[in-house]
Amino acid sequence: MNLLEVKDLHTHFHTDQGVVPALNGVSFSIKKGEVLGIVGESGCGKSVTSLSILQLLGNKGKIERGSIQFKGQELTTFSKKQMRKIRGDEISMIFQEPLTSLNPLIRVGKQISETVMLHREYFSKKQAKDRAIQMMKTVGIPQAEEKYNHYPHQLSGGMRQRIMIAIALACDPELLIADEPTTALDVTIQEQILGLMKKIARETGTSIIFITHDLGVVAEMVDRVIVMYSGQVVEENDVIRFFEQPKHPYSQGLINSTPAIDQEQKLEAIRGNVPAPANKPAGCPFHPRCPVAMDVCKTTVPSDIYFGEQEMVNCWLYDEEAKTS
Ligand code: SF4
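These numbers were taken from a predicted model, which means no experiment stands behind them.

Parameters at a glance
Residues numbered from 1 in each chain as written. Predicted model: local features only at pLDDT ≥ 70, side-chain atom pairs only at ≥ 80, totals over all residues. Heavy atoms only, no water. Phe/Tyr/Trp six-rings, centres within 6.5 Å; stacked < 30°, edge-to-face > 60°. Helix = DSSP H or I, 4+ residues; strand = E, 2+ residues; numbered from the N terminus. Buried < 20%, exposed > 50% of the residue type's maximum accessible area, 1.4 Å probe, protein only. Lys NZ or Arg CZ within 6 Å of the ring centre and 35° of its normal. Expected span 1.5 Å × (residues − 1). Contact = heavy atoms within 4.5 Å. Pairing = 2+ DSSP bridges. Right-handed = clockwise from strand over helix to strand, strands pointing away. Core = buried A, V, L, I, M, F, W, Y, C linked by side-chain atoms within 4.5 Å. Axes fitted to C-alpha atoms, helices over the stretch in contact; angles between N-to-C directions.

Novice: Looking at this structure, I do not really get the packing of aromatic side chains. What am I missing?
Specialist: The description of an aromatic ring pair rests on the distance of the ring centres and on the angle between the ring planes. Enumeration over the complete set of coordinates arrives at 6 aromatic pairs. Here the aromatic rings of Tyr 229 and Phe 286 are separated by 5.1 Å at their centres, their planes lie at 80°, and the arrangement is edge-to-face. One end of the pair, Tyr 229, is in strand S9 (residues 224-229); the other, Phe 286, is in the loop between helix H11 (249-256) and helix H12 (295-299), with 57 residues separating them in the sequence. For Phe 286, a relative accessible area of 2% puts it in the buried group. The ring of Tyr 148 carries Lys 129 above its face, with NZ or CZ at 4.9 Å from the centroid.

Next comes the structure, spelled out in structure tokens:
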């Protein structure tokens with residue numbers, strides 16, 4: 001059984017300017033111990049997908065339809081109280097910028113032990129503190145006992161992100177969602193944090209959803225990739241096949257515009273921008289930017305075409321009838 005199964009997820013934001021459809025039928029799954037990468041440019045729906053899973057959409061966001069099954073339980077039917085119990089316990093999240101995610105007025109160690117107390121009511125304060133120090137050591141914070149009493153501003157960016165990881169892992173989650181966890185860090189610290197997360201995934205069997213626009217991170221970290229564009233999944237593939245034979249023209253564009261993949265290769269930026277969710281073009285949403293768009297692409301939305309169980313592309317190029325018509 002998959003640990004998490006998202007099916008046909010539609011999330012909308014109800015704004016003063018009208019309804020903004022941010023997700024349009026997103027489907028994917030993740031197995032126990034698997035590391036899944038969700039890639040795409042800003043505004044493609046990556047973060048809204050993770051916030052929908054955790055039901056952290058704020059007052060304006062709403063899951064309109066679709067299903068999110070976690071260990072066979074339908075999360076879309078859960079109450080706020082039930083979701084609070086799952087968040088930070090069975091499903092945890094690491095955000096991009098630790099300085100804004102940590103409370104500046106509370107000592108970092110206490111922020112970890114408070115998470116432990118929230119989900120493990122039977123822990124004494126002493127046990128929660130011991131657990132926090134143990135987690136700080138696990139994520140490689142030197143002099144953990146002393147750093148327990150530091151405030152966030154007294155730590156470096158890399159150390160703050162380690163604290164965020166310690167908070168996220170404090171209750172042994174089965175699923176960790178990491179949203180651009182290393183974007184705000186310099187390259188050396190980025191490498192250390194990625195190495196740490198890889199070690200955690202290997203040693204604990206925690207499943208990880210890695211949300212990123214950085215294909216170098218994807219190549220290093222994940223087993224499987226889903227590519228999002230304009231609020232939908234346009235390709236799903238094994239990480240090796242994704243880099244060797246990307247199917248969707250958008251995936252090909254992302255790879256061709258990434259310097260880290262092949263330094264010798266001439267970089268080609270994808271022309272144009274991601275359409276605003278409220279202003280999507282007809283047909284395939286990628287058609288205004290697609291170098292191989294056909295007439296059918298401008299009028300008709302392509303369907304998902306599967307190659308085996310976990311390889312999918314949403315593009316008319318793989319539909320023989322559409323190509324010849
Ligand atoms: Fe390009 Fe058409 Fe495929 Fe969309 S459906 S990616 S426009 S070829």
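Novice: Is there a simple way to explain helix H5 (residues 125-138) in this structure?
Specialist: Since the α-helix turns once every 3.6 residues, residues separated by three or four places project in the same direction. Its 14 residues place the ends of H5 20 Å apart at the C-alpha level, agreeing with the 20 Å of an ideal helix rising 1.5 Å per residue. Where H5 is concerned, the buried positions are Ala 128, Arg 131, Ala 132, Ile 133, Met 135 and Met 136. Looking at the buried positions of H5, the neighbouring elements they touch are helix H4 (108-119), helix H6 (144-147) and helix H7 (157-169). Note on H5: the residue one or two positions beyond its end, Gly 140, has a positive phi of about 80°.

Novice: How should the pairing of strand S8 (residues 207-212) be read in this particular structure?
Specialist: A regular strand carries its side chains on alternate faces of the sheet. Within S8, 6 of the 6 residues are buried, leaving the element largely enclosed by the surrounding structure. Of the two faces of S8, the one carrying Ser 207, Ile 209 and Ile 211 and the one carrying Ile 208, Phe 210 and Thr 212 are both buried. As defined by bridge partners, strand S3 (residues 35-39) adjoins S8 across 5 bridges and the pair is classed as parallel. Of the residues in S8, the one forming a bridge with Gly 37 is Phe 210. Of the pairings in the sheet, the one linking strand S7 (residues 175-179) to S8 comprises 5 bridges and is parallel in character. Note on S8: the bridge partner recorded for Ile 177 is Ile 209. Of the crossover connections in this fold, the one passing from S7 over helix H8 (residues 187-204) to the parallel S8 is right-handed.

Novice: I keep staring at the nonpolar core and nothing clicks. Help me out?
Specialist: When a protein is soluble and globular, its nonpolar side chains tend to lie buried together. Membership of the largest hydrophobic core comes to 93 residues, with the highest contact counts inside it found for Leu 4, Phe 28 and Ile 209. Here the element with the most residues in this core is H7; it accounts for 8 residues. Dropping the residues within four chain positions of it, Ile 209 is found in contact with Leu 4, Phe 28, Ile 30, Leu 36, Ile 38, Ile 53, Leu 175, Leu 176, Ile 177 and Ala 178.

Novice: Can you walk me through H7 in this structure?
Specialist: For H7, built from 13 residues, the straight-helix expectation of 18 Å at 1.5 Å per residue is met to within 8% by its first-to-last C-alpha distance of 18 Å. Where burial is concerned, most of H7 is hidden: 12 out of the 13 residues are buried. Those residues of H7 lying buried are Gly 158, Met 159, Arg 160, Gln 161, Arg 162, Ile 163, Met 164, Ile 165, Ala 166, Ile 167, Ala 168 and Leu 169.

Novice: I tried to follow unusual backbone geometry on my own but got confused; where do I start?
Specialist: Note on backbone geometry: most residues besides glycine have negative phi, and most peptide bonds are trans. A positive phi angle is found at Glu 180, which is not glycine, with a value near 45°. Within the secondary structure, Glu 180 sits in the loop between S7 and H8.

Novice: Honestly, the sheet that holds strand S1 (residues 4-15) in this entry has me stumped. Any pointers?
Specialist: Reading across from one edge, S2-S1-S4-S5 is the order of the 4 strands in this open sheet, with antiparallel pairing throughout. The open sheet has two edge strands with one neighbour each: strand S2 (18-30) and strand S5 (73-74). When strand S4 (residues 61-70) meets S5, the two strands line up antiparallel, connected through 2 bridges. Paired with Phe 70 across the strands is Gln 73, a residue of S5. Across the sheet, helix H1 (residues 46-54) is in contact with S1, S2 and S4; its angle to S2 comes to roughly 80°.

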